[in-house]
Each structure stands twice: as structure tokens, then as C-alpha cells.
Amino acid sequence: MNNFLIKQALFNNVNQRHIRICTIRFCSFDRNSDEYQFWQKSRVPTLHFQKSLPRLPIPDLKASCDRYLQAQKPLVDNVEFDRIKSNVDSMLKIEGPPLQKELKDNDAANRHTSFISAPWFDMYLKDRRPLPINYNPFLVFIDDPKQEYNEQLIRSTNLVISSLRFMKSLRANILEPEVFHLNAKKSDTAFFRTVTGLLPPAISWYGAYLFKAFPLDMSQYENLFNTSRIPKIGKDVLYHDQNTRHIVVMRKGRFFKMDVLDEAGMILSPQDIFTSLHYILNQPIEESKNPVGILTTEERNKWASVREHLENCGNAEIFKIIDGALFCLILDEDTPTRDYKTLIQQYLHSDGKNRWFDKSFSLIVQKNGIAGINFEHSWGDGVAVLRYFQDIYKDSTGKPKIHPGDKPSSTNAESLVKNLEFQVDDKTKNDISEAINKYKKITDSLDINLFEFNDFGRNTCKKHKISPDSVMQLAFQIAYYKQNQKFVSTYESCSTAAFKHGRTETMRPCTMATKEVCLDLFSKNKPSKDSMIEKIKKCSNIHGQLVKEAAMGQGFDRHLFALRVIAEKKGKVPQLYKDPAFIKFNHYILSTSTLNSDALMLGAFGPVVPDGYGIGYSIWNDRLGSIVSNYRQNTDGKVFVDCLKNALSDLYDCLK
């Protein structure tokens, strides 16, 4: 499994002369310089394209209904399909048109946003399920290529400083705008930035479009920092306080408030931050007997009730400090091995005692310097998180501000660090004990399996002009059919960040074309190799079209969802939504997503339904990989992964 981790160039042993130079450079550091305070000073302002971003289109009602029918077809028998079609006809002729009109009227009256933004926030915030596993994903950084920088104190300090530099660049509107370049050689250039930067914001998007470059929505970035999801009965709220100057550090289930900005909003010196973290790491403390963080693993109504009680017990100020913190830094006592399953468990859920899952993101650093993030999902999606993730890795490894050999100062760290002690009564102690036991049962039931397939990857697919993503998705269908002899609802995440306040769209990878390939592979009269290649190409073409439609705001899931929200408010829900086939259709047995980055060692998430699989996958030039999560009592992840390996072998036999 070593190849699963991106190979790292080990730094040669550092001699004493180098350490002395680092220390001298550190001591003479000018913290007031822009070079230190900002990660980037982009020629094009961060929000330059925001004003002219196109609005997320509302699809035609008939087009969405037709796409829904096509997506249902491989999953149901003829009797069910006839019933579904009848419901769709009624939706098109009777219930749908007034709902569509109201959706369009609402959209026209709120041109500053998208039709999906508010209901999608509500969907997340109303869900009462616990955040860990169900919602919060994680990403783990590859190691710093200079091995001696992979020490908890050094790496934590550099990652914190890089995070602050990223944040300040973002708030100063000098962080490079996020742009998708269709042809990076022609558009990811100084000339592109000069031309688009000179254009007024109201038309700047159109200038980028002429370069075949697509600026992405950056409205979510604000909530990266100073944001928490606060539990409330029925529906949570997002809390944001941009005026705070501290982070919250967790160690051994305990909380510390640590100032990282001065009163003018300037980042404190590397030595101050280094010294404060050294102070926290060297506090002679025991594991908290009542780790309040475990309560963030609870069902949301339960947590809301417990939190309200805790606030009434004199803890309101501590909650305000945690909620408003720039972010949470978690210092774990564990020294996990390079066993990826152990790492996945640590970053996806851990035992919950040294975590605060409500924070927009938590930066987690192990004793041996392995680092990653766990993030709450309601405020934003993978585009914003991955940008932050990649930028701070590049900055913290390329321009570290703390080096081996640096020593903490003799100044009083207690002026920058405050120990936060929750007042816990017997009722809360009992609630904590119950949460620990409940969470342990859940995490113990979660299984993690991962694999790497080394026979082929992106390059082989390109030779056949086949999408490698479509091959992976086809393999998931083959594997599940091999294991269970049926086809099920499948989710592939697709970003709509090319539009103002776009979120995600569902891409439905289980099609009639993928079903045909699956059945052919298990048929006694298996088609010829040439015929199979043509059928795989057909899968790829259909897959590519569906991805394009979803990314361009022409999917159907979010559209039908928005219409349903309006119908529910009116108290008259169309039969289409009440049909058991529709409910089953939105029960995602296979939930899939991929993130590729040179800075990423591991990234995954939990299954979204009790009897499903959470599948995070990666595609490289010469290999394929996947991390599969599931609940042992309902599904068999090991058998699924074995079937997945066989599926890829079958596909390789066709393609090689």
C-alpha cells in the first residue's frame, strides 16, 4: 500500500550551520511586512468576477422530468416505471407548472443569489443526524518533503501561520480568484490576468470566457474562518464573528483560547505563535474526565438541549469563544503508523473526545506531525476547502516560518493563552458518558476498506478516448451487481461553482448503458472484446454528457428538490414525491466523490445511508484507488472491494 501515499523527497540531514542560519533569519523576521502578513497579493482581486458570474439556471420542467425518467429506468421494473411515468405526466400537466412559475418568480426577485442556495442551507441545517461520519469529510496532507519539519510543534505552527496568511489575503481581496481553465496554457497566464483585471467587475466574467476560462463562485470562502454550526432544536444556525483574534486549541479533550492576531488584526510573530503552542503542548495535564467535545457527535436535537443546559450552567462565554474562533487546532497525543486504515479512522471520526465537529474546519496534527482537516459541510463544499488545503500546504512547506533548531522565547505565553474550563454538573457528566458509549458503538460498527489497482489508470483510458471517471463509476456498478445482483441509486457529486452561489448537483452514474455492460459481463454469451469496448465507450459518452449537464446547471435533482420545498410549504405535495420509487431513488446506496491534489495523502467520508457505501476514489496516470466506508452490520465492505478489484480487472481485460 506504500504507493497509495505520494512519494516524498526526503530532505538531507541538516547541519548545524543551516540551523544557525534559520535561527538568525527567524530572529530578524519583520512581522509587519506584507511578505509575512499575506500569502498572496493577486493582481486580480479575489471577488473581481463575483459580480458578473452567471446565475444558476432553472432547467425546463419537461427536461428535468425526462432526465428523471431516464435515471429511474435502470433501477426499476416495467410496472414501477409505468407508475413513475404516470406521476411524471401529472407533474408536467397539473402540479408542476404553478410550482415552476413560483420558483422562477422567487428567483427573479432574488438575483443576488441562486434558487438552490437557501433551501440547500436549510436541508443541511435541518438534518438531525450527527455530523461525524454522516456529513463531515476529511483530508490528510502528504508529509512535508523536509522530514525534520514533520514534528508536531513545528508543523502545527507553520500550518497555523499559513492559514492566517491565507485568511488575511482572502479578507484583503488579494487572494487569487478561483478559475477553471479549459486550456491552462492559454489562459493561466500573466496576459489573462492583466486583461481581465483591467475589465470592470460587471463584465469581467465575459472577458474570462473569451479565454475559455471560467471563474468560480467564491461566496463560500468567507465562512471558512470564524464560523461554527450551532445546534438548535429543529434547525441549526451558522454563527459567524469576523472580529475575533484567536483560535481554539484542543489537547487531551481540553480547550485553550490562543490569540494569533494583535489588536490591529496583524498576525503575531512566528515566535509568539510557536511559543504559545509550545506552552500548550507542555502543560502537565491529564485527559479530560468530562470531554465536552464528545457532545458534538450527538444527534442534533439532543446536542441542542445539552448545550442550552451547559450555557445556563455558566458556560455561555466559553461557547462564544469556541464559536467565534478563527478555526480549531487539534493536537492529538496519538502517533499513528502509516497504516492508512488507522489514519482514516483518526481523521474521519476518532473517539470524539478531542474534537469539535461543529467548527467550519478543524486542523488536526498528530504527535508525529501527520496533519489534516475535518470540516463541517453545511457552510460550503469541496472547492473552497480544497483551495485552502492546497494553498496552506504549499505555503507551509515552501515558506516555513519556524525551523528545526528554533527555540520558544522566554516571554510569558500565558498572556496569549487562556485555559478554558467548562463548568460541568452531574446531568452533563451523565450526558457525556452516554455520548461516549453511543459514539463508540457507532464508530466500532464502521468498517474501512481501501485498495489500489495498479494495472491501468488515466493513460490507458485516454488511449481509447474513454473518460477515466466513467470507468471508475462503471466499475462501482459492476462491483455492486456482482455482490448483490441488482442495481441501486448512485450519487456522484458535481460542483456548480461556475454559477453565482452554486452548490452541487447530483450526477446519476447508473444508466441503461452501464446496466447493459454489467449484464453482458455476467452473461453466458459474453459479447466480443470489440463489442465490449464500444459499449464501454458508449457508457463514457453518456457519462460525459451527464457530467456536462450537471456542471452547467442542467441536472434535475436540485430542480426537483427546489420544487418540492415550495410544494411542502403550500401543504400539497405532488404524488411524484410520495412514490416509494422516488424515496428509494434518493436513498443513495453508493455515494461517490473524488478529489485529486498533489498535496493530498488521503481523503474520504462516511456512508450517507445505513445500508450504503461511502466511496472516495482517486485516479492517477497509471493506477486507480478507492477508500470504501460502510457499516458492518448492514453491508460487507471487504466483499465489495474484492468485487471492485474484479470489476476493474474485467474492464482492463477489455481495454488492454
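Conventions and cut-offs
Per chain, residue numbering runs from 1 following the sequence as it is written. With the structure being a predicted model, the display of local features is reserved for residues of pLDDT at least 70 and the display and counting of side-chain atom pairs for 80 or more, all residues being used for whole-chain, interface and lining totals. The basis for the side-chain values is all heavy atoms of the structure; hydrogens and waters are excluded. UniProt positions are given in the numbering used here, feature names are shortened, and annotations may be inferred rather than shown by experiment. Categorising residues by exposure relies on relative accessible area from a 1.4 Å probe, with only protein chains included: less than 20% of the type maximum marks a residue as buried, more than 50% marks it as exposed, and the intermediate range marks it as partly exposed. Per the convention used, a helix needs a DSSP run of H or I reaching at least four residues, while a strand needs a run of E reaching at least two, with both numbered from the N terminus. DSSP bridges decide pairing: two strands pair if at least two such bridges lie between them. Every axis corresponds to a line fitted to the C-alpha atoms, with the helix fit spanning only the stretch in contact, and the corresponding angles, defined between N-to-C directions, vary from 0 to 180 degrees. Two residues qualify as a contact provided that any one of their heavy atoms is within 4.5 Å of a heavy atom in the partner residue. What a helix should span is 1.5 Å times the count of its residues minus one. Consider a residue and the seven residues that end there alongside the seven that start there; fitting an axis to each set, the bend is the angle between those axes. Whether a set of points on the 1 Å grid over the protein atoms alone is a cavity depends on a 1.4 Å probe fitting there but being unable to get out, while an open set qualifies as a pocket with protein on both sides within 12 Å along at least five of seven lines; lining residues are those with an atom within 4 Å of a point. Grid points are joined across faces, edges and corners, and a volume is the space filled by probe spheres set on the points. Charged means Asp, Glu, Lys or Arg here, nonpolar means Ala, Val, Leu, Ile, Met, Phe, Trp, Tyr, Cys or Pro, and polar covers whatever is left, Gly included. Here is the rule: rings of Phe, Tyr and Trp (six-membered ring for Trp) pair when centre to centre is within 6.5 Å. Planes less than 30 degrees apart are stacked, more than 60 are edge-to-face, and the remainder are tilted. The criterion is that NZ of a Lys, or CZ of an Arg, lies within 6 Å of the ring centre and within 35 degrees of the ring normal, and then a charge sits over that ring.

As annotated in an unreviewed UniProt entry, the protein chain is Choline/carnitine acyltransferase domain-containing protein from Rhynocoris fuscipes. Annotation of the protein chain in UniProt includes, under Catalytic activity (unreviewed entry), the sentence "4,8-dimethylnonanoyl-CoA + (R)-carnitine = O-4,8-dimethylnonanoyl-(R)-carnitine + CoA". Check the Sequence similarities (unreviewed entry) section of the UniProt entry for the protein chain; it says "Belongs to the carnitine/choline acetyltransferase family."

**Q** Hey, could you run me through the pairing of strand β4 (residues 227–230) in this one?
**A** Remember that side chains alternate between the two faces of the sheet whenever the strand is regular. Every second residue of β4 is oriented toward a common face, with T227 and R229 on one face and S228 and I230 on the other, all of them buried. Bridge count between β4 and strand β5 (residues 237–240): four bridges; the pairing is antiparallel. Its bridge partner being in β5, R229 is matched across the sheet by L238.

**Q** What should I look at first to understand the environment of Y239 in this one?
**A** Mapped onto the elements, Y239 comes out in strand β5. In this structure Y239 comes out as partly exposed when scored by relative accessible area, which is 25%. Taking the C-alpha atoms as reference points, Y239 and G324, 85 residues apart in sequence, are found 7.5 Å from one another.

**Q** Help me understand the pairing of strand β8 (residues 328–331), please; the structure alone is not making it clear to me.
**A** Side chains C328 and I330 project from β8 onto one buried face, and the interleaved L329 and L331 project onto a second face that is buried too. Bridge count for strand β6 (residues 246–251) against β8 is four bridges, and the pairing is parallel. Residue pairing across strands places V249 opposite L329, the latter belonging to β8.

**Q** What am I meant to see in the sheet that holds β6 here?
**A** Neighbouring strands of a sheet are bound in pairs by backbone hydrogen bonds; such pairs are parallel or else antiparallel. A sheet is described by the order of its strands in space; here eight strands give the open sequence β11-β7-β6-β8-β9-β10-β1-β16, paired in mixed fashion. With partners counted over all chains shown, the strands left at the sheet margins are β11 (417–420) and β16 (600–604), one partner each. Sheet twist, expressed as the mean angle between neighbouring strand axes with direction ignored, is 20°. Lying on the sheet, helix α6 (residues 152–171) is in contact with β1 (138–141), β6, β8, β9 (361–365) and β10 (371–375); it crosses β9 at an angle near 155°. In the packing of helix α11 (residues 300–324) onto the sheet, contacts are made with β6, β7 (254–259) and β11, and the angle to β6 comes to roughly 105°.

**Q** How should I be thinking about the sheet that holds strand β15 (residues 590–594) in this particular structure?
**A** Reading across from one edge, β12-β18-β17-β15-β13-β14 is the order of the six strands in this open sheet, with mixed pairing throughout. Looking at which strands have only one partner, the edges of the open sheet turn out to be β12 (446–453) and β14 (504–507). The average angle at which neighbouring strand axes cross in this sheet is 25°, direction not considered. Here β15 runs beside strand β17 (residues 613–619); their pairing, made up of five bridges, is parallel.

**Q** I keep staring at the UniProt feature "active site" (unreviewed entry) in the protein chain and nothing clicks. Help me out?
**A** UniProt feature "active site" (unreviewed entry): in the numbering of this structure it lies at H377. Within the secondary structure, H377 sits in the loop between β10 and α13 (382–398). For H377, the residues in contact, after removing those within four places along its chain, are Y124, Y135, N136, P137 and R503.

**Q** Looking at this model, I keep getting lost on α11. Mind explaining?
**A** Residues separated by three or four positions in an α-helix point in the same direction, a consequence of the helix having 3.6 residues per turn. Helix length check: α11, at 25 residues, gives a terminal C-alpha distance of 20 Å against a target of 36 Å (1.5 Å per residue), a shortfall beyond 12%. The largest bend in α11 amounts to roughly 115° and is located at G314.

**Q** Quick question: what am I supposed to make of empty space enclosed by the protein here?
**A** Remark: the empty space left among the atoms is shown by a probe the size of a water molecule rolled over them. Counted by the stated rule, this structure contains five cavities of 30 Å³ or more. Estimates place the volume of the largest cavity at around 60 Å³. Along the walls of the largest cavity sit L56, P57, P59, F115, T496, T504, E505, G553, G555, R558 and H559, which together make up its complete lining. Counting residues per element, the ones that place at least two in the lining of the largest cavity are β14 and α19 (557–570). Within the lining of the largest cavity, the residues separate by chemical class into four nonpolar, five polar and two charged.

**Q** Hey, could you run me through the environment of T506 in this one?
**A** With respect to the helices, strands and loops of the structure, T506 is situated in strand β14. Judged by relative accessible area, which is 4%, T506 ranks as buried. Remark: the alpha-carbon pair of T506 and A551, spanning 45 residues in sequence, is separated by 9.4 Å. Residues in contact with T506, not counting those within four places in the same chain, are Y491, E492, D557, R558 and Y588.

**Q** Just checking my understanding: could you explain the packing of aromatic side chains for this structure?
**A** Two descriptors summarise a pair of aromatic rings, namely the distance from one centre to the other and the angle between the planes of the rings. Overall, the coordinates contain 37 aromatic pairs when judged by the stated rule. A centroid spacing of 5.3 Å and a plane angle of 85° characterise the contact between Y68 and F585, whose relative ring orientation is edge-to-face. Pair noted here: Y68 is in helix α3 (residues 61–72) and F585 is in helix α21 (residues 580–585), with a separation of 517 residues, a long-range link. Both rings, one in F327 and one in F361, keep their centres 5.2 Å apart while their planes meet at 20°; by these two values the pair is stacked. You can see F327 sitting in the loop between α11 and β8 and its partner F361 sitting in strand β9, a full 34 residues away along the chain. The exposure class assigned to F361 is buried, which follows from its relative accessible area of 1%. Taken together through their ring pairs, the aromatic side chains of Y68, F556, Y577, F582 and F585 make up a single cluster. One Lys or Arg, R503, reaches over the ring of F121 and ends 5.0 Å from the middle of that ring.

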